[in-house]
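# Per-entry structural report
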Amino acid sequence: MDQNFMRADASLHFPEGSSLLQSSHWEEPQRARTLEQICSVFRVDLGQMRSLRLFFSDEACTSGQLVVASRESQYKVLHFHHGGLDKLSEVFQQWKYCTETNLKDQVSEERTCMQFSIRRPKLQSSEAHPEESAHHRLDVAAWLRHLNELGQVEEEYKLRKAIFFGGIDGSIRGEVWPFLLRCYSPESTSEEREELRLRRRREYAHIQQRRLSMPPEEHRTFWRNVQFTVDKDVVRTDRSNQFFRGEDNPNVESMRRILLNYAVYNPAVGYSQGMSDLVAPLLAEVLDEADTFWCFVGLMQNTIFISSPRDEDMEKQLLYLRELLRLTHLRFYQHLVSLGEDGLQMLFCHRWLLLCFKREFSEAEALRIWEACWAHYQTDYFHLFICVAIIAIYGDDVIEQQLATDQMLLHFGNLAMHMNGELVLHKARSLLHQFRLRPQIPCSLHDLCKLCGPGMWDSGPIPAVECTGEHPASESCPYGGMVDAPSPQPPRDGKRGAKTTREGFSFRR
Amino acid sequence: MAYAYLFKYIIIGDTGVGKSCLLLQFTDKRFQPVHDLTIGVEFGARMITIDGKQIKLQIWDTAGQESFRSITRSYYRGAAGALLVYDITRRDTFNHLTTWLEDARQHSNSNMVIMLIGNKSDLESRREVKKEEGEAFAREHGLIFMETSAKTASNVEEAFINTAKEIYEKIQEGVFDINNEANGIKIGPQHAATNATHTGNQGGQQAGGGCC
C-alpha cells in the first residue's frame, strides 16, 4: 500500500447505518472470518476519515488491529494476526495527513479532521499490575493442584487470583464455574458436592413440577408475565452459536426450561430481558440443565449488576463509574459533564453492565471477562474497571471530536465485537492496581470497597477518604471523610506512601 | 455524506412485534427471521430524499421490555418521529397501545409525529386485529396509520418516509423550531452550505458539528 493508493481512493463505502446492528459473534469460525476479511474489498478515502488508529497487540508491535473510523462512526477493523502492522505503521507515519495531525497548532486550510494514533500494548511497567503475566490459564493439571485429597480447594484466594489473571481453560469451566458462582463452597469435599448436587437435582425437578402443575388461573398469569416473553426470547438468543443453532434444538428447550423454572423459583425477580443472554453461555459450558440452573441462581445472586435489573442498581453502578472516571480519566468525565444529564446517563454502557460485556466482545473474550469479574479478586467491581478500560482505550475520539450523546452511543455501539478483549483486560487490571495505589479516595467510592471479602486494601496502604460533600440531609460525611483531606505522602517512587493505618479506614461502620 | 436535515426517530411497542426487523428492513433491505433480541439501545441510519433534500434518519431501537428510567428518558428525548408498533396477530400488543402512547406523550415533545404500525401483515391467516381497528385507533388519537410487513418489506419504506414527510411539512409550516435540537431535528452540513459553491462536506464537520 503506498501513499498514492491511499489518496486516490475517494469513495466511501462504509455500509450506511446498521450493518453492524446484528451481533455476528459465532457466525463464522475465526478462520472464515479472517478469509472474508482478506477477500472483501472496501475503499475509503483515508484523508476523509475521522480517525485512523493502530492497536498493537503483541510485545514486538507487529500484530494487532488497524481501525479506520468514518465521520459517522462506522468502523473498519483490519486484523493483523501474523505481523505486518509495523510496516503499515511506518507508511502512515510518513504520510502527510498523519503527520499533520500532530501539528495541532498549525491548522492549515486543507487539514482534515482526521485523528491518527498508534497504541502500543505495553503499559508503563510502573503502571501494569505487578502480578501481570505471572499466571497462566488454569488447566486441568493446575486446577487439580488447587484441590487436596478430599477435593477441597486449598487456598481459595490463590485460585481466584490465578483465574483473575489467567482465566480458565474451556475444558474445565463446567467444573470450576460453580465455585466462582458460589454454588459450591471451596471448603466442600468432593463427596459433599456430589451429595449436594443430587439434592439440588431433586429440588430442580420439584421446581419444574411446581411449574407444570399450576392451577389454570395462576398459569394464565404466569404465561402472560413470564412464559410468553421467555418463549419469544429463547429462540432469539445466541442463535449464531452452534450450540443453539437450528430448528427444535433441544438446548434451546433446556434454556427455556431453566428460565421458566427460575421465574418459579424466584418470583420476585421473575424474568426480564437480558437473562437469556446470561444463561446461554452458562448452559453451553456447564451442559447439564440442572447444574446450569443452580449456576444461574448463583450468578443472579452474586453479581450485583444483573441480579435485579432495576433503576437503583443501575444508578448505583453508573454513579460509581462516573466517580471512577472523574478520578482516573478526568477529560472524559468533563466531556460527559459538558453534555449535561444525557451525557452523564452514559447510555452507551448500559448494555455493558447488564450483560457484562457479552455483546461487546467475541464469546471467548467475553467469557474471559466474566471469569475475571467472578474471581472477585481485590474488588467486587472489576466490571467497572473494564468499563473505564474500554473508555481509556477506545474513547479518544469521543473527547477529541467532542461527540454528542447519540454519536457516543453510535461510536461505542459500532465498536461492539471489534474491540480487543485481552488489551481491555490488561488495561483494567492496571487501572485496578493504580486505584489501589491512590493515597486518597472520594467518599463517593467508599462503598465500592465495602463488599469485598478479603478487601481491596487487604495489603498495602489504606487510602484516606476525601469527602465530596454530596450528602443530602446529613451534615457530616457518613464515612468520616474530610472535605479537605490532609495531603498524604506521595505513594509512588518505590516507597509505599500514605501511612494511614488500616484502623483509620474501616470498611464497616 | 452531506444531508440537509437529520431526524431522530424512535421505535416503540411490545416485545416481539418486530421493531428491530422493521429497522433492519428499512436500513439494510433485508429480513432476518432469527434476530438476537435487543438489549439497551441500538441504532440504525439511512439517507432519504424528500423535496429534493437529503434527509438522514437516525433511528433508535430498544428492547420492548426496557424499563430503566435513564434509558427511557434519553430514548424519548429529542425524537422528531416515533413508530408505534403492534403485531396484527397478537391482540395483546394492540391493547397495550394506549400505555405506549401515554409514555410517548409524557416523555417527548408534543410535536413528535407518531406513526401507528400494524406489523406482520403477511400473516393474514393468523390475524387477530382488523385493519379497521388500527385505523380507528389512529383516527381517535391523531396518528398516521399503516400496516406493514418487515418480512415482505410491504409498506416499510412508506412508513418511515411518510413519517419524515410529515415532519418535513411541519418544518415548512414552522411548527418545528429547527434551531432547537430538543425537537429531534438537526440541520446538516448540506443545508448550511446551500448557498456556497461547493457541496462537499469539508464544512460543518469539525468538533461539535453534526457528523452524525
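Provided above is the structure to which this section pertains.
As a starting point, this report considers the structure included with it. Model, not experiment: these values are computed from the prediction.

## Brief notes about the side chain of N249(A)
Residue and element names in this part refer to chain A.
- Among the structural elements, N249 can be located in the loop between α9 (216-234) and α10 (250-265).
- Owing to a relative accessible area of 10%, N249 belongs among the buried residues under this scheme.
- Looking at N249, its side chain comes within polar contact range of the main-chain oxygen of R245, at 2.7 Å.
- The contact partners of N249, leaving out residues within four places of it in the chain, are Q242, F243 and F244.

## Re the pairing of strand β1 (residues 51-56) of chain A
All names here are of chain A.
- Of all 6 residues in β1, 6 are buried, a share of seventy percent or more.
- Because side chains alternate across β1, one face comprises the buried residues S51, R53 and F55, and the other comprises L52, L54 and F56, equally buried.
- Inspection of the sheet shows β1 paired to strand β2 (residues 64-69) by 6 bridges, in the antiparallel sense. Within β2, the residue paired with F55 across the bridge is Q65.

## Overview of helix α4 (residues 97-107) of chain B
Residues and elements named next belong to chain B.
- Those residues of α4 that sit buried are L97, W100, L101 and A104. Buried residues in α4, looked at end-on, bunch into an arc of 100°, giving them a common side. Among the exposed residues of α4, those pointing more than 90 degrees away from its buried face are E102 and Q106.

## Here's the deal with the pattern of salt bridges
- Scanning the entire structure with this criterion turns up 37 salt bridges over all chains.
- Ionic pairing is found between R351(A) and E360(A), a salt bridge with its closest N-O pair at 2.9 Å. For the residue pair R351(A) and E360(A), the accessibility class agrees, reading buried in each case.
- The residue R351(A) makes a salt bridge to E42(B) at a minimum N-O spacing of 3.2 Å. One end of the pair, R351(A), is in helix α17 (residues 350-354); the other, E42(B), is in strand β2 (residues 41-50), on a second chain.
- Under the relative-accessibility criterion, R351(A) is labelled buried at 12%.
- Taking the relative accessible area as the measure of exposure, E42(B) reaches 8% and is therefore buried.
- One salt-bridge network, held together by shared partners, links E194(A), R197(A), R201(A), D288(A) and D291(A).

What counts, and at which threshold
Residues numbered from 1 in each chain as written. Chains lettered and ligands numbered in written order. Predicted model: local features only at pLDDT ≥ 70, side-chain atom pairs only at ≥ 80, totals over all residues. Heavy atoms only, no water. Helix = DSSP H or I, 4+ residues; strand = E, 2+ residues; numbered from the N terminus. Buried < 20%, exposed > 50% of the residue type's maximum accessible area, 1.4 Å probe, protein only. Polar contact = N/O pair within 3.5 Å; in protein donor to acceptor, adjacent residues only side chain to side chain. Contact = heavy atoms within 4.5 Å. Pairing = 2+ DSSP bridges. Arc of directions from axis to C-beta. Salt bridge = Lys/Arg side-chain N within 4 Å of Asp/Glu carboxyl O.

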